[in-house]
Amino acid sequence: MLPWRTTYVNFRSRQDVPTVEDDDLALVQRARLGDAEGFRALVVRYQRKVYAVALGIVKDADLAWDVAQDVFVRVHRGLDGFKGESAFGTWLFRIATHVAIDSVRKERITQRDDVDEVREADLEGAGEGILATSLGNDPRETLLRHELAAKMEAALATLPEKHRTILVLREIEGLSYEELADRLGIHKGTVMSRLFHARKKMQAALRGYAGVRHRAPAAGSDVERGTSEGKVEE
Amino acid sequence: MKPCVRIAPMIGSRPGELPAEDARALAAHLETCADCRALAASFEVTDGLVAEALLARANARDFAPFVDEVMARVGHRSPRAAARTDRRSLLDALRERWRIAVPALAAAVVLAAVGTFMYGGEHVVAEPEQRLASLEVELSGEGSIVLQTSDGPVVLLAPDDDTGS
């Protein structure tokens, strides 16, 4: 027996505390080695967020459920190919985006695409300050925000797929312009204009809720003629 | 073209996302254009609400069966698949370090060839008996091993035997 006792002190500096990314990688490694619990933990960790992204893109709750499951099945199949060069979450949501978009495109029969280019006609009514004036900017109005949030889903559902997708990725995943360009395979300028259109359409869809009447476009204007509709983008 | 057309897509950008020149142009434009200022305020009000709405829907849904359904679909990852992963990891590691692995492998082959030439052909003079005699192994003490080599004994001390007792 040793004449002294070795005492191990569990001392960790703040920098040593594992991040979510480190933890994800550890779970991925466990899953790759056949540990079902490791993969289960990853699913539990991300299932709601993946579902939320899918719901935002595909609109239908049941379809979003199936899409979210497909995402995890694909992730499981692709574990061997995951090199850890990006965060697991980034890889996961990249797959989720593609699966959800593919799903929408399969479901879609015909749907006109909107242009991403910003024209002067798109700025009609910009000065109305649609929701800012109606709701105010006070973040403490949480009840109102909650009510509004409930309407957001319906409003989001009125947007074309590409506008829903870019808004969802921007807001849920918090992707930057550069990341959105990379994820969607489009130019940064297109990202910016597509986001602009998406937001404008959300504003328009929410007008009814806010009780603001949209200023009618002048007769014969681009807006009335719908020149922003049906054009080939990019 | 109204400057708004160029500036409007920049509205809603986050700090640091725009090149400095564009950020300055946006700020300057917002100071002078009431329409774009109002638009920016509108975007700000709804910013984050999409995420809020979707995550609220996700949180309201019962996810208890979700993970079980996924696990049922993926099945249990077989040990064979896991072994394949390990093998692939080794191959991947070699592939990633080929600049080191290839020269090392080449050097090993050359050394093996030289060794074979030097000791495997006519240069080998030692008879099998002589080679056996040059190395005798005996156990000594509590686990120590003595190797009798042609250059003298070599004692491999067991961990408990290093005090010489």
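Residues numbered from 1 in each chain as written. Chains lettered and ligands numbered in written order. Predicted model: local features only at pLDDT ≥ 70, side-chain atom pairs only at ≥ 80, totals over all residues.

Novice: Now, about the overall build of chain A: what can you tell me, with residues and values included?
Specialist: Regarding its fold elements, chain A presents 10 helices and 0 strands. For chain A, the α and β elements follow one another from N to C terminus as α-α-α-α-α-α-α-α-α-α. Buried positions account for 38% of the 234 residues belonging to chain A. Contacts in chain A between residues at least 24 apart in sequence constitute 73% of all its contacts with a sequence separation of at least 6. (Helix = DSSP H or I, 4+ residues; strand = E, 2+ residues; numbered from the N terminus. Buried ≥ 20, exposed ≤ 12 C-beta atoms within 10 Å, placed from the backbone. Contact = placed C-beta atoms within 7 Å.)

Novice: Please provide a residue-by-residue account of the overall build of chain B, values included.
Specialist: Helices and strands together make up the secondary structure of chain B, namely 8 helices and 3 strands. Ordered by position from the N terminus, the helices and strands of chain B form the series α-α-α-α-α-α-α-α-β-β-β. Taken over 165 residues, chain B has a buried fraction of 16%. Contacts spanning at least 24 positions in sequence make up 23% of the contacts within chain B whose residues lie at least 6 apart.

Novice: With reference to specific residues and values, describe the packing of helix 3 (residues 61-77) of chain A against helix 5 (residues 64-74) of chain B.
Specialist: Two elements in contact, helix 3 of chain A and helix 5 of chain B, have axes whose closest approach is 10 Å; the angle formed by their N-to-C orientations is 40°. The orientation of helix 3 of chain A with respect to helix 5 of chain B, classified from their angle, is oblique. Crossing of helix 3 of chain A against helix 5 of chain B: the hand is right-handed. Here Q69, F72, V73 and H76 of chain A of helix 3 of chain A lie close against helix 5 of chain B, whose contacting residues are E69, V70, R73 and V74 of chain B. Of the residues assigned to the contact of helix 3 of chain A with helix 5 of chain B, the class counts are 4 nonpolar, 2 polar and 2 charged. (Axes fitted to C-alpha atoms, helices over the stretch in contact; angles between N-to-C directions. Parallel < 35°, antiparallel > 145°, perpendicular 65-115°, else oblique. Left-handed = near helix turned anticlockwise from the far one by under 90°. Nonpolar A, V, L, I, M, F, W, Y, C, P; charged D, E, K, R; others polar.)

Novice: Residues and numbers for the nonpolar core, please.
Specialist: Residues V53 and A54 of chain A together with L54 of chain B are the most contacted members of the largest nonpolar core, which totals 69 residues. With 12 residues, helix 2 (residues 36-58) of chain A is the single largest residue contributor to this core. (Core = buried A, V, L, I, M, F, W, Y, C linked by C-beta atoms within 7 Å.)

Novice: Outline the packing of helix 4 (residues 88-107) of chain A against helix 7 (residues 161-173) of chain A, supporting the account with residue identities and numerical values.
Specialist: Working note: a packed helix pair is described by the angle between its axes plus the distance between those axes. Residue and element names in this part refer to chain A. Viewed as axis vectors pointing N to C, helix 4 and helix 7 meet at an angle of 160°, and their least axial separation amounts to 11 Å. In terms of orientation, helix 4 and helix 7 fall into the roughly antiparallel class. Considering only the axes of helix 4 and helix 7, their crossing is right-handed. Contacts between helix 4 and helix 7 involve F93, T97, I101 and V104 from the first element and E161, T165, L169 and E173 from the second. Grouping the amino acids of the contact of helix 4 with helix 7 by side-chain chemistry returns 4 nonpolar, 2 polar and 2 charged.

Novice: I'd love a proper account of helix 4 (residues 49-60) of chain B, names of residues and values included.
Specialist: Residues and elements named next belong to chain B. Along its 12 residues, helix 4 runs 16 Å from first to last C-alpha, staying within 8% of the 16 Å computed at 1.5 Å per residue. Here helix 4 lies mainly inside the structure; 9 of its 12 residues are buried. The set of residues buried in helix 4 consists of L49, V50, A51, E52, A53, L54, L55, R57 and A58. (Expected span 1.5 Å × (residues − 1).)

Novice: A description of the environment of V104 of chain A should follow, citing residues and the corresponding values.
Specialist: Residues and elements named next belong to chain A. Inspection of the secondary structure puts V104 in helix 4. With 22 C-beta atoms packed within 10 Å, V104 lands in the buried category. Taking C-alpha positions, V104 is 10.0 Å from V67, a pair spaced 37 residues apart along the chain.

Novice: Talk me through unusual backbone geometry; I want residue IDs and the actual numbers.
Specialist: For K59 of chain A, which is not a glycine, the phi torsion comes out positive at approximately 75°. Relative to the assigned elements, K59 of chain A resides in the loop between helix 2 and helix 3.

Novice: So what about the confidence of the model for chain B? Which residues, and what values?
Specialist: All names here are of chain B. The predicted model of chain B has a mean per-residue pLDDT of 74, with 55% of residues at 70 or higher. Below a pLDDT of 50 lies the segment residues 129-133, which in the model reaches 1 contact outside its immediate sequence neighbourhood of four places, other chains included. pLDDT under 50 marks residues 161-165. Its contacts with residues more than four places away, or in other chains, come to 5 contacts. Confidence estimates for the predicted assembly give a pTM of 0.63 and an ipTM of 0.70. (pLDDT = per-residue confidence, 0-100.)

Novice: I'd love a proper account of helix 1 (residues 20-32) of chain A, names of residues and values included.
Specialist: All names here are of chain A. Compared with an ideal rise of 1.5 Å per residue, which puts 13 residues at 18 Å, helix 1 spans 18 Å between its outermost C-alpha atoms and is within 8% of the ideal. Listed as buried for helix 1 are D24, L27, V28, A31 and R32. Burial along helix 1 is one-sided: seen end-on, the buried residues are contained in an arc of 140°. Of the residues flanking the end of helix 1, it is G34, one or two places downstream, whose phi is positive at about 95°. (Arc of directions from axis to C-beta.)

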